[in-house]
Amino acid sequence: MIHPMRPISLFNTLTRKIEPISPITPGEIKVYSCGPTVYNFAHIGNLRTFLFQDLMKRTFLAAGYQVRHCMNITDVEDKIIRDSQVDLPSEASNEARHTAMKALTDKYTAFFLEDLDAMRILRPTVMPKATGHIGQMQTLIQNLMDKGLAYAREGSVYYRIAGFPNYGCLAHLDREGMQSGTSVDVDEYEKDQAQDFVLWKAAKAGEPTWDSSWGPGRPGWHIECSAMGIEILGDRVDIHTGGVDLVFPHHENEIAQSEGALGHAWVSTWVHGEFLMVEGEKMSKSLGNFYTLRDLVEKGYDPVTFRYAIQSNHYRKLINFSFEGLKAADNSLKRIRAFRKRMEEDGAQSGGGTWKEAIDPLKRLEKAQTDFWMAMADDLNTPEALAAVFTLISDLNAQDDRIALTREERDAVLEFMDETDSIFAAWPREAASLDEEVESLMAARKAARDTKNWAESDRLRDQLKTMGIILEDRKDGSVGWRRG
Ligand code: AMP
Ligand code: ZN
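Reading the values: the criteria
- Throughout, a residue's number is its position along its own chain's written sequence, starting from 1.
- Chains carry letters and ligands carry numbers; both start at the beginning, A for chains and 1 for ligands, and go up in the order they are written.
- Per-residue local features of the predicted model are confined to residues with pLDDT of at least 70, and side-chain atom pairs are confined, for both listing and counting, to 80 or more; whole-chain, interface and lining totals are unaffected and use all residues.
- Just so you know, side-chain values use all the structure's heavy atoms and leave hydrogens and water out.
- Salt bridges are identified by distance alone: a Lys or Arg side-chain nitrogen within 4 Å of an Asp or Glu carboxyl oxygen.
- Numbering of helices and strands runs from the N terminus; a helix is a DSSP stretch of H or I covering at least four residues, while a strand is a stretch of E covering at least two.
- Residue exposure (1.4 Å probe, protein chains only): buried if accessible area is under 20% of the type maximum, exposed if over 50%, otherwise partly exposed.
- The nonpolar core is taken to be a set of buried Ala, Val, Leu, Ile, Met, Phe, Trp, Tyr and Cys residues, with the residues joined through side-chain atoms within 4.5 Å.
- By the convention used here, residues are in contact when the closest approach between their heavy atoms is within 4.5 Å.
- Note on pairing: two strands pair once DSSP finds at least 2 bridges between them.
- To get an axis, fit a line to the C-alpha atoms, keeping to the stretch in contact for a helix; angles then go from 0 to 180 degrees between the N-to-C directions.
- For this analysis, a polar contact is any N or O atom pair within 3.5 Å, provided that within protein one partner can donate a hydrogen and the other can accept it, and provided that sequence-adjacent residues contribute only side-chain to side-chain pairs.
- Residue ranges assigned to each domain were obtained from an automatic or database domain assignment.
- Nearness here has a simple test: a residue counts as near a molecule or strand if at least one of its heavy atoms is within 4 Å of that partner.
- Only the protein chains shown count as cover for residues, and the accessible areas themselves come from Shrake-Rupley with a 1.4 Å probe.
- When residues are grouped by polarity, Ala, Val, Leu, Ile, Met, Phe, Trp, Tyr, Cys and Pro land in nonpolar, Asp, Glu, Lys and Arg in charged, and all others, Gly among them, in polar.
- Any N, O or S atom lying within 2.8 Å of the metal counts as a donor, with the limit raised to 3.2 Å for Na, K and Ca; because water is left out of the atom set, some sites can appear incomplete.

Turning our eyes to something else, we now look at the pattern of salt bridges. In the structure shown here, the tally under the stated rule is 31 salt bridges. Residue Arg407 pairs with Asp346 through a salt bridge whose shortest N-O separation is 2.7 Å. In this pair, Arg407 sits in helix 12 (residues 407-424) while Asp346 sits in the loop between helix 9 (323-344) and helix 10 (361-377), placing the two residues 61 residues apart along the sequence. Judged by relative accessible area, Arg407 falls into the partly exposed class, the value being 25%. The exposure class of Asp346 is exposed, given its relative accessible area of 58%.

Encoded structure:
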């Protein structure tokens, strides 16, 4: 469907209003998302946040924009250090400490990417690692020191919040209660502890370090995103996203750092997704009340069903996770997919005939399309957008029972199903989805062969065979396939 760029509005945490997004570079949206801290598997709460970002990005793409999406990988941080250094002796070299940290973060980065793929979350355009940008962080910290916005103390460097009059603008803090001059060394703290925060942490025994003009140490968490965001997306960013817990202090501190250094506004729109809860409590690793995507798969759920269950709720509403919710999502998806299949096949009789409640399928389709886009453009209102799809499905199913839609009408409907699927990523064309599944099983088989895991490789070949796919090992080492 060719259409000009559709306007999209989003709730901006900075202004607390739903506002139209007009990118700095016309037609291209620059998005920065705070990425995962890779010391363990992501839990499905974390994945909810990455999913809402994907939904937003896919909406812009479907609306005709280009999206340049940067999502960092936090691969140096307190918990990563804690978990990666446990087995090292106290006399371990700095190099050994870095190697151990990298081994842990590489492992969980790979699992994270697998989770994104399984949930059909589009890969970000750029995924910078914090450890690859230490130099940029040091330059940014030096810039803040030169401007009098940061000071060194005992080998650490802190941000002087009193020097930045806008401090508190995002979290809407009362400046009265702030305590500049006293500082916090931890990265996570509450609003009533608004103090000078750490940019560079002096070396501690047992931690990997980098050299700097303030002595050996490592970056604080907040400086990572400012440094990578400015480096990769530039001085002006359209949208910055994260979960609601990041509003304070992380994003507040990013604003202080980036705008303090640049001397002008950095991000136009801040968008935050709500939490996934379990029995009324926030799902989190520290509470131990979490599931990973792998846990759901083990229980027999498809990651795409989880995707749909989340996306049938508005991204700014709390969701209470439940397996009943997943079952309901599965039923809704079955209904959409069955309708899509019905439209792919020809109708029982050719079009025409009479029925007193007959409708014009193309007019009905046009209304669904308008309603769908009005909902998505209004701060990604997915429940309403899906309601437009379901109303279309019931109306056209009823019509098709009496007077079959013509091939042209069916194709127009399928085009709409493709358009909506390009955002929801849950009801692809059968052939396309089969291809995707075959490709991913073949990639898994290749990985098994590369590690000489012949049993797994044979198992995957058999699984493909049961799907009617015959693999052909070619002379040049590559593998092809055909339907058998
Ligand atoms: P982390 O890997 O801990 O840095 O978290 C990655 C993202 O998950 C952040 O944007 C958090 O805001 C988000 N997050 C953490 N817990 C939840 C939750 N229960 N529901 C939704 N998002 C969450
Ligand atoms: Zn961040």
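Past the structure itself, the notes keep going.
Let us now look at unusual backbone geometry. With an omega of 0°, the peptide bond between Phe248 and Pro249 qualifies as cis. Looking at the secondary structure, you find Pro249 in helix 6 (residues 247-262). Notably, Arg16 is not glycine yet its phi reads approximately 60°, a positive angle. For Arg16, the position within the fold is in the loop between strand 1 (9-12) and strand 2 (17-20). Of note in this structure, Ala425 is not a glycine but carries a positive phi near 50°.

Now for the nonpolar core. Counting residues in each nonpolar core, the largest one holds 128 residues, and the members touching the most others are Phe60, Tyr167, Phe306 and Phe372. The leading source of residues in this core is helix 1 (residues 44-62), at 9 residues. Setting aside residues up to four positions removed in sequence, Tyr167 forms contacts with Ile161, Leu173, Arg175, Met178, Tyr189, Ala194, Phe197, Phe248, Glu252, Asn253 and Ala256.

Ordered by their spatial adjacency, 4 strands build an open sheet running 4-3-10-11, and the pairing between neighbours is parallel. The open sheet is flanked by strand 4 (66-71) and strand 11 (267-273), the only strands paired with a single partner. Within this sheet the neighbouring strands show an average axis-to-axis angle of 25°, counted without direction. In the sheet, strand 10 (residues 237-243) pairs with strand 11 via 6 bridges, with the strands oriented parallel.

Attention now moves to the side chain of Ser226. For Ser226, the position within the fold is in helix 5 (residues 221-233). For Ser226, the side chain forms a polar contact with the side chain of Ser258, separated by 2.8 Å. Those residues in contact with Ser226, other than ones at most four positions away along the chain, are Leu140, Glu254, Gln257, Ser258 and Trp266.

Moving on, we come to the domain arrangement of the protein. The domain architecture assigned to the protein consists of domain 1 (19-273), domain 2 (281-424) and domain 3 (436-483). Taking only C-alpha atoms into account, the centre of domain 2 sits 32 Å from that of domain 3.

With respect to spatial proximity, 16 residues lie near ligand 1, and among them Thr37, Thr49, Asp245, Leu276 and Met283 are the closest. A distance of 3.0 Å separates a nitrogen atom of ligand 1 from a polar backbone atom of Gly45. Here ligand 1 loses 90% of its free accessible area of 500 Å² to cover by the protein chains. It is helix 1 that provides the largest number of residues to the shell around ligand 1, a total of 4 residues. Each residue belonging to the shell around ligand 1 can be placed in one class, and the counts come to 6 nonpolar, 7 polar and 3 charged.

All right, on to the coordination of the zinc ion (ligand 2) then. When a metal holds four donors in a tetrahedron, each ideal angle between them is 109.5 degrees; when it holds six in an octahedron, the ideal angles are 90 or 180 degrees. Each protein donor to the zinc ion (ligand 2) is listed here as Cys34 (SG), Cys225 (SG) and His250 (NE2); together their distances run 2.0 to 2.1 Å. Here the donor residues of the zinc ion (ligand 2) are spaced in sequence according to C-x190-C-x24-H. In this pair, Cys34 sits in the loop between strand 3 (28-33) and helix 1 while His250 sits in helix 6, placing the two residues 216 residues apart along the sequence. Note on Cys34: relative accessible area 6%, which makes it buried. Using a relative accessible area of 1% as the deciding quantity, one classes His250 as buried.

Turning our attention to the sheet that holds strand 14 (residues 319-320). Read from one edge of the open sheet, 3 strands run 13-12-14, paired in mixed fashion. Here the strands that pair on one side only, and so sit at the sheet edges, are strand 13 (281-282) and strand 14. Pairing of strand 12 (residues 276-278) with strand 13 involves 2 bridges; the strand directions are antiparallel. Paired with Met277 across the bridge in strand 13 is Lys282.

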